[in-house]
Amino acid sequence: MSKRMKYYLGVDAGGSKTLAVIADENGRIAGIGRGGNGNHQSDRRQAETSLKEAVSGALRTAGLTEEQIEFAWFGLAGADRESDYLVLRPMIAGLKLPRTEISCDTTIALRAGTENAYGIVLICGSGVNCSGTNQAGKTFQCGGFGYLFGDFGGGYDLSVEVFRSVIRAFEGREEATVLSEKLIGLLDYASVAELREDYLDHSRQPPIGVAELLFPAAEEGDATAIRLLVKQGEELGLAAAATVRQLDMGQDAFEIVLAGSLLTKGDQAGIIRSAIERKAKEAAPGCTLKVLNREPVVGALLWAMERGGLRITRELTTRLSHIHPNIIPNIQNIQ
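Residues numbered from 1 in each chain as written. Predicted model: local features only at pLDDT ≥ 70, side-chain atom pairs only at ≥ 80, totals over all residues. Heavy atoms only, no water.

- Under an unreviewed UniProt entry, the name given to the protein chain is N-acetylglucosamine kinase, and the source organism is Cohnella hongkongensis.

### Comments concerning the packing of aromatic side chains
Consideration 1: Within this structure, the stated rule accounts for three aromatic pairs.
Consideration 2: With a centroid separation of 5.2 Å and 20° between ring planes, the pair formed by Trp73 and Trp303 is classed as stacked. One end of the pair, Trp73, is in strand E4 (residues 69-76); the other, Trp303, is in helix H11 (residues 297-307), with 230 residues separating them in the sequence.
Consideration 3: Accessibility expressed as a relative area gives 4% for Trp73, which makes it buried.
Consideration 4: Under the relative-accessibility criterion, Trp303 is labelled partly exposed at 23%.
Consideration 5: For the pair Tyr189 and Tyr199, a centre-to-centre distance of 6.2 Å together with 65° between the ring planes defines the contact as edge-to-face. Of this pair, Tyr189 sits in the loop between helix H5 (179-187) and helix H6 (192-202) while Tyr199 sits in helix H6, and the two are ten residues apart along the sequence.
Consideration 6: Accessibility expressed as a relative area gives 16% for Tyr189, which makes it buried. (Phe/Tyr/Trp six-rings, centres within 6.5 Å; stacked < 30°, edge-to-face > 60°. Helix = DSSP H or I, 4+ residues; strand = E, 2+ residues; numbered from the N terminus. Buried < 20%, exposed > 50% of the residue type's maximum accessible area, 1.4 Å probe, protein only.)

### Brief notes about the sheet that holds strand E6 (residues 119-124)
Consideration 1: With mixed pairing, five strands are arranged side by side in an open sheet as E8-E7-E6-E9-E10. Edge positions in the sheet fall to strand E8 (139-141) and strand E10 (288-291), since each has one partner strand and no second. Strand-to-strand twist of the sheet, defined as the mean angle between neighbouring strand axes without regard to direction, takes the value 20°.
Consideration 2: Inspection of the sheet shows E6 paired to strand E7 (residues 128-133) by six bridges, in the antiparallel sense. Its bridge partner lying in E7, Ile120 is registered against Gly132.
Consideration 3: Its contacts with the sheet put helix H8 (residues 223-246) on E6, E7, E8 and strand E9 (255-259), and the angle it makes with E6 is roughly 150°. (Pairing = 2+ DSSP bridges. Axes fitted to C-alpha atoms, helices over the stretch in contact; angles between N-to-C directions. Contact = heavy atoms within 4.5 Å.)

### Some details on the pairing of strand E3 (residues 29-35)
Consideration 1: With six of its seven residues buried, E3 lies for the most part within the structure.
Consideration 2: Sheet topology places strand E2 (residues 18-24) next to E3; six bridges connect them, and they run antiparallel. Residue pairing for E3: Ala20 is matched across the bridge by Gly33.
Consideration 3: The antiparallel pairing of E2 with E3 creates a hairpin that spans four residues between the two strands, and Gly27 there sits at a positive phi of about 85°.

### So, the UniProt feature "domain: ATPase BadF/BadG/BcrA/BcrD type" (unreviewed entry) in the protein chain
Consideration 1: What UniProt calls "domain: ATPase BadF/BadG/BcrA/BcrD type" (unreviewed entry) maps, in this numbering, to residues 9-304.
Consideration 2: Summarising residues 9-304: 46% helix, 19% strand, and an end-to-end C-alpha distance of 7 Å. (UniProt positions renumbered as here; feature names shortened; annotations may be inferred.)

### Some points on the pattern of salt bridges
Consideration 1: All told, the structure shown has 17 salt bridges when counted by the stated rule.
Consideration 2: Across the pair Glu174 and Arg227 runs a salt bridge, and its minimum N-O distance is 3.4 Å. Placement of Glu174 in the loop between helix H4 (154-171) and H5 and of Arg227 in helix H8 is noted, with a sequence separation of 53 residues between them.
Consideration 3: With a relative accessible area of 22%, Glu174 lands in the partly exposed category.
Consideration 4: Of the residues examined, Arg227 reaches a relative accessible area of 40% and is grouped as partly exposed. (Salt bridge = Lys/Arg side-chain N within 4 Å of Asp/Glu carboxyl O.)

### Re unusual backbone geometry
Most peptide bonds take the trans configuration, and most residues that are not glycine carry a negative phi.
Consideration 1: Although it is not a glycine, Asp188 sits at a positive phi angle of roughly 65°.
Consideration 2: You will see that Ser203, though not glycine, has its phi angle at about 50°, which is positive.
Consideration 3: Tracing the backbone shows Ser203 in the loop between H6 and helix H7 (214-219).

### Here's the deal with the packing of helix H1 (residues 44-62) against helix H2 (residues 82-93)
Consideration 1: Where H1 meets H2, the closest approach of the two axes is 10 Å, and the angle between their N-to-C directions is 35°. The chirality of how H1 crosses H2 is right-handed. Facing H1, whose interface residues are Arg44, Ala47, Glu48 and Leu51, H2 presents Val87, Met91 and Ile92.
Consideration 2: Residues belonging to the contact of H1 with H2 are distributed by class as follows: five nonpolar, no polar and two charged. (Left-handed = near helix turned anticlockwise from the far one by under 90°. Nonpolar A, V, L, I, M, F, W, Y, C, P; charged D, E, K, R; others polar.)

Here it is, written out as structure tokens:
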């Protein structure tokens, strides 16, 4: 009788998308599912729906049932405190998977980004977060709770900063910026004046995609865009430096993994990255920055496999590393 193949599920749920991937014990991708916002802090009902859609989609494309999943690991944005887990545990239990674990999405990003068991991860996507683990296994999370609790940046905050800068430039409170033309073009207004009046009349909020205007504007040398990107980098660097001090990592050599779309896709010119490095190296001269070049869901799969009793090999990690947004729709390409 042939041995039954074992399957593992990894889930990465953030503020803009949820991705679920099933892999077999050899690291071959069997199924993939997607959902929308998976952060319960912004919309609990939507997050629950997204998780169900992503997991059921992965099971359906794999041709598997819940009982056939050996272990499932969920890396969830917003899984920060015990009060969050009181919401998330029954949510995940409702998926009827036999063995599961929940962690913050920082945990899976760090696991996907470094071969070491220690280091720091900075996330800059819809929002921002920072987490570290030292060589003794002690962990610390710095931020992740929004502007009121000390954070700055991510897509939501930066979109507001772009909008504010355009309005301030229009009124003469700041210098002119190419962001003005880019913003009214993106949002389909004839002028900043028209944009201003419509947003006032209807209490609108700028969409998260507005933040992406910063990168082409900075490449054109726009001072406002560069200033905002530098500030974003400095704030992330301060979070990394605080984590270094909390975990007594100042004399260690370790990697700072940079995750989230604004760092992995947007910051091609390295403006944010350079500012992070300056601040982080003040606290830990031996640290090095590493842009995450794997999908964070790889970290969730590695945790699921390890917790399910599988020995993680370099070959297995390499196979999982082929998961990439550009080829995810075609499972055969990944195998």
